[in-house]
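Below, each chain spelled out in residue letters.
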Amino acid sequence: MRGFLHDWPVGTFFLLAAVAFSASGCSRREYRLEANREAYGTISERNGDPRWAAADISIEIDPRSRYFDHYDPDCAPMPQDDPAAHSYMRCVDGMKGWKHWYDNGVRSDLENPAWREELSKYAETNENGAVRLNVDSALRLSYVHSPSHQSQLETLYLSALDVTRERWRLDTQFTGGFDTVFLHSGQKTAGGESNRLTTGRGIGALGVPFAGRFGGGGNTLQLNRSFATAGEMVAGIANAFTWEFTNGNVNFAGSLLSASFVQPLLRGAGRSIALEDLTQVERNLLANLRAYAQFRQGFYTQVAIGELGVRGPQRGGSGTTLTSFSGGGNVGGYAGLLQQLQRKRNSEDTLSLQERTFARLEAFYDKGLIDLVQVDQFEQDIETAKAALLLQENNLELALDGYKTRTLGLPPDLPIDLDDELIRQFQLFAREATDILNMVVLLQGRAGELFTEGEDQIIPTVAGIDSVLRDVTPLVAPIQNLIQRIPEELQRMDEVVVLRMKAASEDEEMPEENRQDLAERLAEERKDLGEDMADLTSQFAEQTTKLTKLRDLLSEETRDITARGVVNWLTATLNIVDQLALVQARARLESVMVESVELEPVAAFEIALQNRLDFMNGRSALVDSWRDIQIAANALRSNVTVGAAASTGTVQNNVVSFDAANSTATLGIQFDAPLTRLLERNGYSETLISYQQDRRALIQSRDSLYLGVRALLRQLKQLRENLEIQRRAVTIAIRRVDQTQRKLNAPGRIPQPGQRPQISPTTAINLLSAQRSFLSTQNSFLSAWLSYYAARIRLYRELGIMTLDSDGKWIDFPITPGTADKEADAEDESEIPVLPPPIPLGSQIPPGFDDGGQKAGGQSAHLVNNADDAPVIQ
């Protein structure tokens with residue numbers, strides 16, 4: 001045994017020990033981190049272009065996210081399983097299952113248990129703990145919680161892994177290992193009884209040459225290398241050690257050095273074949289990085305207006321069929337929520353106005369000034385409005401829950417407080433004015449009760465009148481505050497009117513007559529508002545004086561006069577506040593404007609083609625399809641492969657005693673004639689058709705882009721004009737409400753017995769019509785503005801010029817024809833070869849002709865030259 005050990009170097013045992021020690025490989029965590037380093041590195045290589053650079057490409061979920069997994073990803077506990085299905089993990093087909101499924105425990109829930117506690121650290125909340133939601137906070141929440149965004153990052157990461165895989169295939173690869181086998185042979189076997197222990201690998205023949213690849217596998221240590229020319233090299237060392245425990249303890253040790261090289265010359269040869277897979281995944285990763293940058297633009301529009309409008313990264317490539325604006329488009333997302341909220345508020349304001357009007361109609365009915373039919377008709381409409389308001393409230397809550405779950409990635413029970421700053425300008429009636437009006441109507445009811453006790457008319461008491469006066473007096477201060485704030489609204493109106501007129505003067509398509517009409521209308525409107533405001537201020541000053549006199553006049557002798565004075569004061573004050581609210585509404589109405597977009601369709605189309613990242617990808621996808629033709633054509637060629645292999649072994653039962661006399665060398669060539677290429681022929685024809693289909697698809701995608709851009713620009717123009725139409729409609733509706741209220745506030749005398757009521761039989765219909773029209777026009781005006789807001793955001797996305805900051809927020813800037821990025825993606829034109837001449841029309845056999853020019857009916861086809869000397873068929 002000592003001689004045996006002496007013949008085998010001690011280093012060999014250390015080598016075997018090292019190989020055995022490394023058999024377990026790296027840990028899960030090390031493999032995962034190594035994959036991360038390589039994937040992020042490949043992404044970073046192409047992440048420097050500012051047009052698609054991403055600040056954060058990590059797939060690690062934010063620890064604040066609801067979806068963050070706080071357990072070790074490499075040793076995650078088992079989720080809660082279905083009991084019936086879980087029984088098969090314990091025992092399957094009568095066999096006991098694996099006992100280590102539970103080594104990491106069983107998790108109790110799926111969500112991050114701390115995400116609600118973290119929420120208040122980065123999201124603004126109100127005093128009730130509800131999250132304050134606007135576009136910026138919604139975007140912040142979406143980037144933290146949205147599964148959709150996380151999926152895009154993971155697809156990008158997987159594309160990077162594809163690149164690392166293909167790079168590894170073209171890199172030098174080392175493999176190693178050994179086998180240990182104990183063999184016992186009985187006495188009646190060919191060699192007799194023996195016990196043999198063998199360890200090592202590959203001490204056998206190298207394999208049959210040219211059988212697909214040269215050389216044999218199974219080396220203790222092996223090197224593999226693929227080259228850019230499609231050649232492959234394999235080199236390795238194999239050794240084996242054998243202990244024979246019978247027949248005199250005969251032992252054996254030997255090693256074998258081997259190397260082989262294979263190089264295709266025709267089929268499967270060349271850089272176009274060897275580098276194709278790597279080229280494709282490298283281009284796919286670049287395309288997906290661009291697609292992720294464009295997804296972030298669509299992600300903003302999805303949060304803001306409820307429309308993604310783009311495709312995210314696709315692991316297999318995006319193709320040449322691209323997504324563009326189709327010509328429609330609604331208002332959803334955060335803007336859609338605000339639209340529903342404001343419509344509900346408009347309905348509430350209209351319902352409040354109707355209830356105040358109904359209270360006055362009831363009072364007129366009690367005095368015989370109006371018939372019951374009109375009162376009932378008005379009341380019936382109020383009940384209908386209440387039902388409609390309940391439906392609006394339910395729809396708003398449903399939309400809010402859907403927005404939280406589908407867009408933000410949050411549970412539907414999360415309390416949300418919508419920030420209405422974006423639409424606050426559409427709150428034409430200030431809440432303060434509505435509260436004052438409601439209080440005045442309430443006090444009117446109390447004042448009317450002073451004159452009745454059951455069904456009898458009585459003279460009010462001093463205490464009752466004094467109680468009403470005490471509640472009336474606090475109304476003066478809020479009304480004065482309202483009067484003081486309205487001039488600020490008028491000043492804001494003046495500033496906006498200047499901007500509107502400037503925009504009108506720059507609008508080359510607006511006729512001069514329309515521009516002049518707008519200026520005159522705005523000037524007249526501003527003059528009327530100023531006069532009305534001065535008149536109402538004077539009237540309320542008189543009312544304030546009258547209220548002071550009424551308080552001073554109150555006594556037992558004057559209680560009847562004072563009580564009636566209080567009723568008249570409340571009626572007059574109600575009219576004044578009504579008029580103040582209408583003045584404020586008209587001022588706010590004229591203060592709404594939009595930023596115009598002046599861009600020609602051709603210029604917009606050029607900007608889109610220069611900046612749209614998906615069209616960059618579409619052009620590269622078409623080249624990928626074109627490149628497939630070359631790959632498929634290569635398969636039609638003959639198979640000519642040359643190869644060489646050599647090996648040398650050891651002698652003298654020593655693993656390092658190599659001897660040239662114990663060596664072999666092989667050199668050969670393999671030829672496969674292209675006699676059977678039906679499958680390859682069909683594949684080649686398919687690639688030709690696929691390329692033409694992709695080329696047509698890209699042309700159609702360009703057409704769709706142009707169509708969408710033209711539609712968007714027309715839509716913006718239409719919405720801008722419609723905004724002015726709806727503004728005028730609201731102005732008319734306000735005037736109708738004003739006129740019908742004035743007529744209602746000036747009824748005739750109480751009719752004598754037998755006389756008809758003094759109020760017109762169409763009063764209720766006129767009131768309802770005016771108030772309904774006001775509600776409808778408010779909603780239409782709001783819809784026109786929000787539609788323009790959404791269309792403008794959509795235009796920036798469709799043109800590919802939506803600039804985002806590192807947090808994903810939109811950086812708004814005016815669009816000009818010079819917005820297009822002038823950086824060229826193509827190579828220097830001097831390096832691009834001149835295109836070959838087009839194929840002459842007569843060089844291809846048209847359908848219905850044979851190769852002799854004969855038609856399928858015996859008629860012949862003749863080639864003639866046209867004016868350009870290109871042969872054509874007649």
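For the structure, check the block above.
Everything numeric here is computed off the predicted structure, so don't read it as measured data.

Draft legend 1. Spatial organisation of the side chain of arginine 515. Relative to the elements of secondary structure, arginine 515 occurs in helix H15 (residues 512-553). For arginine 515, a relative accessible area of 14% corresponds to the buried category. Here the side chain of arginine 515 touches alanine 504 through a polar contact of 2.7 Å, landing on its backbone oxygen. Those residues in contact with arginine 515 that sit more than four places away from it in its chain are Met501, Ala504, Ser505, Asp507 and Met510.

Draft legend 2. Quick look at the nonpolar core. Of all hydrophobic cores here, the largest spans 152 residues; its most connected members are Leu133, Leu141, Tyr300, Leu580, Leu599 and Leu799. Looking at this core element by element, the count peaks at 15 residues for helix H20 (residues 763-799). Formed by 15 residues, the second largest nonpolar core is a distinct cluster that contains Leu351, Phe364, Ile370 and Leu768.

Draft legend 3. Broad picture of a nonpolar patch on the surface. On the surface, Tyr88, Val92 and Met95 cluster together into a nonpolar patch covering about 340 Å² of accessible area. Along the chain, valine 92 turns up in strand E1 (residues 91-92). The partly exposed category is assigned to valine 92, whose relative accessible area is 40%.

Draft legend 4. Representation of the pattern of salt bridges in the model. Across all of its chains, the model carries 51 salt bridges by this definition. Residue aspartate 624 pairs with arginine 627 through a salt bridge whose shortest N-O separation is 2.8 Å. Placement of both aspartate 624 and arginine 627 in helix H18 (residues 613-634) is noted, with a separation of three residues, approximately one turn of the helix. In this pair, the class of aspartate 624 matches that of arginine 627, namely buried.

Draft legend 5. Expanded view of the packing of helix H17 (residues 601-611) against H18. The geometry of H17 relative to H18 is characterised by a closest axis approach of 5 Å and an angle of 65 degrees between their N-to-C directions. Judged by residue contacts, Leu609, Gln610 and Asn611 of H17 engage Leu613, Phe615, Met616 and Arg619 from H18. Tallied by class, residues from the contact of H17 with H18 come to four nonpolar, two polar and one charged.

Draft legend 6. Summary view of the packing of aromatic side chains. For the structure on display, the rule yields 13 aromatic pairs. A ring pair is formed by tyrosine 143 and phenylalanine 299, whose centres lie 5.1 Å apart and whose planes are at 70 degrees; its orientation type is edge-to-face. Remark: phenylalanine 299 occurs in helix H9 (residues 276-305) and tyrosine 143 occurs in helix H6 (residues 135-145); sequence separation between them is 156 residues. Just as tyrosine 143 is buried, phenylalanine 299 falls in that class too. With a centroid separation of 5.3 Å and 75 degrees between ring planes, the pair formed by phenylalanine 429 and phenylalanine 774 is classed as edge-to-face. You can see phenylalanine 429 sitting in the loop between strand E10 (416-418) and helix H12 (431-449) and its partner phenylalanine 774 sitting in helix H20, a full 345 residues away along the chain. Both residues of the pair, phenylalanine 429 and phenylalanine 774, belong to the buried class.

Draft legend 7. Region of the structure containing the pairing of strand E8 (residues 232-244). Pairing analysis gives six bridges linking strand E7 (residues 221-226) to E8, with the strands arranged antiparallel. In the strand pairing of E8, arginine 225 is matched with methionine 233. The sheet contact formed by E8 and strand E9 (residues 251-264) spans 12 bridges and is antiparallel. Looking across to E9, one finds that methionine 233 is bridged to phenylalanine 261.

Draft legend 8. Expanded view of the environment of alanine 660. Tracing the backbone through its elements, the reader meets alanine 660 in strand E14 (residues 658-672). We classify alanine 660 as exposed; its relative accessible area is 65%. When the C-alpha positions of alanine 660 and threonine 648 are compared, they lie 6.4 Å apart, and in sequence the two are 12 residues distant.

Draft legend 9. Region of interest: H12. Its 19 residues give H12 an end-to-end C-alpha distance of 27 Å, which sits within 8% of 27 Å, the value for a rise of 1.5 Å per residue. The set of residues buried in H12 consists of Ala433, Thr434, Ile436, Leu437, Val440, Val441, Leu443, Gln444 and Ala447. Those residues of H12 that are buried lie in contact with helix H10 (333-366), helix H13 (462-472), helix H14 (476-506) and helix H16 (559-590).

Draft legend 10. Highlighting unusual backbone geometry. One non-glycine residue, aspartate 93, lies in positive phi territory at about 55 degrees. Within the secondary structure, aspartate 93 sits in the loop between E1 and strand E2 (95-96). Positive phi, normally seen in glycine, also occurs at alanine 230, with a value near 80 degrees. Position of alanine 230 among the secondary structure elements: in the loop between E7 and E8. By relative accessible area, which is 16% here, alanine 230 ends up buried.

Draft legend 11. Representation of the packing of helix H19 (residues 678-744) against H20 in the model. Two elements in contact, H19 and H20, have axes separated by 7 Å at closest approach and are oriented at 155 degrees. Judged by the inter-axis angle, H19 sits roughly antiparallel to H20. Note that H19 runs across H20; the crossing there is left-handed.

Draft legend 12. Inspection of helix H3 (residues 28-45) at higher detail. In a regular helix each residue adds 1.5 Å, so 18 residues correspond to 26 Å; H3 covers 26 Å between its end C-alpha atoms and thus fits that length. Three or more residues of H3 are buried, namely Asn36, Ala39, Thr42 and Ile43. Projected down its long axis, H3 carries its buried residues within an arc of 140 degrees, all on one side. Facing away from the buried surface of H3 by more than 90 degrees, the exposed residues are Arg37 and Glu45. Each element contacted by the buried residues of H3 is listed here: helix H7 (147-169) and H9.

Draft legend 13. Fine view of a negative patch on the surface. On the surface, Glu362, Asp366, Asp376 and Glu379 cluster together to form a negatively charged patch. Contributions of two or more residues to the negative patch are made by H10 and helix H11 (372-407). Within the secondary structure, aspartate 376 is located in helix H11. Of the residues examined, aspartate 376 reaches a relative accessible area of 37% and is grouped as partly exposed.

The rules behind each value
- Residues numbered from 1 in each chain as written.
- Predicted model: local features only at pLDDT ≥ 70, side-chain atom pairs only at ≥ 80, totals over all residues.
- Heavy atoms only, no water.
- Helix = DSSP H or I, 4+ residues; strand = E, 2+ residues; numbered from the N terminus.
- Buried < 20%, exposed > 50% of the residue type's maximum accessible area, 1.4 Å probe, protein only.
- Polar contact = N/O pair within 3.5 Å; in protein donor to acceptor, adjacent residues only side chain to side chain.
- Contact = heavy atoms within 4.5 Å.
- Core = buried A, V, L, I, M, F, W, Y, C linked by side-chain atoms within 4.5 Å.
- Patch = residues over 30% accessible without salt bridge, like charges linked within 9 Å, V, L, I, M, F, W, Y side chains within 5 Å.
- Areas by Shrake-Rupley, 256 points an atom, 1.4 Å probe, with all protein chains shown as cover.
- Salt bridge = Lys/Arg side-chain N within 4 Å of Asp/Glu carboxyl O.
- Axes fitted to C-alpha atoms, helices over the stretch in contact; angles between N-to-C directions.
- Nonpolar A, V, L, I, M, F, W, Y, C, P; charged D, E, K, R; others polar.
- Phe/Tyr/Trp six-rings, centres within 6.5 Å; stacked < 30°, edge-to-face > 60°.
- Pairing = 2+ DSSP bridges.
- Expected span 1.5 Å × (residues − 1).
- Parallel < 35°, antiparallel > 145°, perpendicular 65-115°, else oblique.
- Left-handed = near helix turned anticlockwise from the far one by under 90°.
- Arc of directions from axis to C-beta.
- Lys, Arg positive; Asp, Glu negative; His and termini not counted.
- Charge placed at Lys NZ, Arg CZ, Asp CG, Glu CD.

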